[in-house]
Amino acid sequence: MLNHESLVQIDDYVQYIGPGTVERIMKKARPLQDLHVVNVNSTYYGGGVAELLGSMTILMNSIGIKTGWRVIQGSPDFFSITKKMHNALQGGEINLSDRKKQIYEEVVYENAIRTHLEHDVVIIHDPQPLPMIKHYRKRGPWIWRGHVDLSQPNQELWDYLRPFVDRYDAVVFSIPEYTQPVNTPQLFFMPAIDPFSIKNHPLSDDEIEERLAHHHIPTDLPLVVQVSRFDTWKDPQGVVEAFKIARQEVDCTLVLLGNVATDDPEGPQVYESLLESQEERIIILSVQDTALVNALQSRAAVVLQKSLREGFGLTVAEAMWKGTAVIGGNVGGIRYQIEDGINGFLVNNVQEAAARIVQLVKDKDLRQRLGQAARETVQQKFLLSRNLEQYLDLFSSFETNFTLRNWS
Ligand code: UDP
């Protein structure tokens, strides 16, 4: 096991999950020592997958599983096509031309040529690198981890992708609603957050003030916040509309903090269109400052994640962990994170979002009650140690077969 004092160790989780659970996880890790695992996705930065991999790869190494992370490269037209696929997997339309398929498969092939995967376990994330499996002789199980909201995928696209998925040994989606008609066994692991990261560790009031002041965010009125990639699925326009309705009844400041992932070419356009809404009490920020994400989620009276589709909202779990009241779109994974009226609110449209903003800004006790329940929910269900244990169980289920099966 790695023992580097500045790295998070599974022992650090004792305070949240207890010594028994930590011991159980360590016991499961023991037979897997030195297993060589690699993750492949399409961005080192921006979005939940990169966030998850950053913490999960370190935690896995700390318990003795040699876990790597590779990122595929692609031209702008490749990422334009894969973003269209992402949108269509979440229910949008796509013109799936032969030209698009050709660019997609060729760029993936080129990545396969220059990416030497000789690991015991290969985990491929999301549709961008999905066809890589075609180009390798397997040395162990290949897992496809699909993170998007697959509640209503575009049928034509799914039919095209399915033969790639069928080659995998296991498929992991976030929730059972995303089950697909494939031959591969399907499992469901919800993502989780790293409570020790800069984004999620506790901040003092002074640290929060300092970060907000640095970005000229006023704190004289309650803050209503959404932190999200600039993506139409996150419905930033709907947030602005809801805020405008709400402020007819309560005084508050809206902050929309966003970033653009390197594999998402639509981000800059979404950001530009939002700037039209900017005014004194509607602040649109595009900066990369992890401590600012933490400060906003910690200080906000209300955090919104008004998504129209959401595989699983890491931002929802992050804000809940800080004991903040969260209003989430009643879609996808958010439904598994927020129990309406118990640890947050679920909303179906702009009007409902506006009404909940008003209610929460007016009622401090309600905010505290929901926030406390939210924090407990995350402690019980959405810390990375739980997700780690699910991966260990999955690896172990293959382990007995590693030497017996012919993986090619
Ligand atoms: N994020 C960030 N800065 C931003 C916007 C988002 O660090 O300006 C992070 C956010 O805190 C979360 C991740 O990006 O960790 C987004 O994950 P989520 O699952 O909510 O959505 P995705 O982008 O994967 O669809």
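Residues numbered from 1 in each chain as written. Predicted model: local features only at pLDDT ≥ 70, side-chain atom pairs only at ≥ 80, totals over all residues. Heavy atoms only, no water.

## With respect to unusual backbone geometry
Here's step 1: Positioned with a positive phi, D126 is a non-glycine residue whose angle comes to about 65 degrees.
Here's step 2: Mapped onto the elements of the fold, D126 is located in the loop between β3 (121-125) and β4 (142-145).
Here's step 3: Assessed through its relative accessible area of 10%, D126 is described here as buried.
Here's step 4: The backbone phi angle of H216 is positive, close to 55 degrees, even though this residue is not glycine.
Here's step 5: Along the polypeptide, H216 turns up in the loop between α6 (205-214) and β7 (223-229). (Helix = DSSP H or I, 4+ residues; strand = E, 2+ residues; numbered from the N terminus. Buried < 20%, exposed > 50% of the residue type's maximum accessible area, 1.4 Å probe, protein only.)

## Considering the nonpolar core
Here's step 1: Residues Y104, M132 and F395 are the most contacted members of the largest nonpolar core, which totals 106 residues.
Here's step 2: Broken down by element, this core gets its largest block of residues, 7 residues, from helix α14 (residues 384-402).
Here's step 3: Those residues in contact with M132 that sit more than four places away from it in its chain are V40, I72, V108, N111, A112, T115, L117, I124 and W142.
Here's step 4: Core analysis: the next-biggest nonpolar cluster, separate from the first, contains 31 residues, L256, L274, A353 and L366 among them. (Core = buried A, V, L, I, M, F, W, Y, C linked by side-chain atoms within 4.5 Å. Contact = heavy atoms within 4.5 Å.)

## Some words on the site of the ligand
Here's step 1: Around the ligand lies a shell of 19 residues, among which G48, K199, R229, K234 and E318 are the nearest.
Here's step 2: A distance of 3.2 Å separates an oxygen atom of the ligand from a polar atom in the backbone of F312.
Here's step 3: Taking E318, its side chain carries an N or O atom lying 2.5 Å from an oxygen atom of the ligand.
Here's step 4: When the ligand sits alone it has 540 Å² of accessible area, and the protein chains cover 92% of it.
Here's step 5: Breaking the shell around the ligand down by element, the ones donating at least two residues are α2 (48-62), β7, β8 (253-259) and α10 (314-321).
Here's step 6: Looking at the shell around the ligand residue by residue, the class counts come to 5 nonpolar, 8 polar and 6 charged. (Near = heavy atom within 4 Å. Polar contact = N/O pair within 3.5 Å; in protein donor to acceptor, adjacent residues only side chain to side chain. Areas by Shrake-Rupley, 256 points an atom, 1.4 Å probe, with all protein chains shown as cover. Nonpolar A, V, L, I, M, F, W, Y, C, P; charged D, E, K, R; others polar.)

## Focus: the pairing of strand β10 (residues 302-305)
Here's step 1: Side chains V302 and L304 project from β10 onto one buried face, and the interleaved V303 and Q305 project onto a second face that is buried too.
Here's step 2: Where β7 lies against β10, 2 bridges are found, and the strand directions are parallel. Following the sheet pairing, V225 is matched in β10 by V303.
Here's step 3: By the bridge criterion, 4 bridges tie β10 to strand β11 (residues 325-329) in an arrangement that is parallel. Within β11, the position partnered with V302 by the bridge is A325.
Here's step 4: Following the chain from β10 across α10 to the adjacent parallel β11, one finds a crossover that is right-handed. (Pairing = 2+ DSSP bridges. Right-handed = clockwise from strand over helix to strand, strands pointing away.)

## Details of the packing of aromatic side chains
Here's step 1: By the definition in use, this model includes 16 aromatic pairs.
Here's step 2: With centroids separated by 5.3 Å and ring planes inclined at 85 degrees, the aromatic side chains of F189 and Y391 adopt a geometry described as edge-to-face. A residue pair is termed long-range when its members are at least 10 positions apart, and F189 in the loop between β6 (186-188) and α6 and Y391 in helix α14 qualify at 202 residues.
Here's step 3: Residue F189 is classed as buried on the basis of its relative accessible area of 5%.
Here's step 4: Between the NZ or CZ atom of K101 and the centre of the ring of Y160, over which it lies, the distance is 5.1 Å.
Here's step 5: Against the face of F345 rests R356, its NZ or CZ located 3.8 Å from the ring centre. (Phe/Tyr/Trp six-rings, centres within 6.5 Å; stacked < 30°, edge-to-face > 60°. Lys NZ or Arg CZ within 6 Å of the ring centre and 35° of its normal.)

## Quick look at the side chain of T377
Here's step 1: Structurally, the position occupied by T377 is in helix α13 (residues 364-381).
Here's step 2: Residue class for T377 comes out buried when judged on its relative accessible area of 12%.
Here's step 3: Within the structure, T377 has its side chain in polar contact with the side chain of N343 (distance 2.9 Å).
Here's step 4: Residues contacting T377, with those up to four places away along its chain left out, are M320, Q337, N343 and F382.

## Observations concerning the sheet that holds β4
Here's step 1: The parallel open sheet is built from 6 strands, whose spatial order is β2-β1-β3-β4-β5-β6. What marks the edges here is a single partner per strand, and that holds for β2 (66-71) and β6. Shown here is a sheet whose adjacent strand axes are inclined to one another by a mean of 20 degrees, direction ignored.
Here's step 2: Contacting β1 (36-41), β2 and β3, α2 crosses the sheet at an angle of about 155 degrees to β2. (Axes fitted to C-alpha atoms, helices over the stretch in contact; angles between N-to-C directions.)

## Digging into the sheet that holds strand β12 (residues 345-347)
Here's step 1: The strand order β9-β8-β7-β10-β11-β12 describes an open sheet built from 6 strands, whose pairing is parallel. The open sheet is flanked by β9 (282-285) and β12, the only strands paired with a single partner. On average, each strand axis in the sheet is inclined to that of its neighbour by 20 degrees, with strand direction left out of account.
Here's step 2: Pairing between β11 and β12: 3 bridges, direction parallel. In the strand pairing of β12, G329 is matched with V347.

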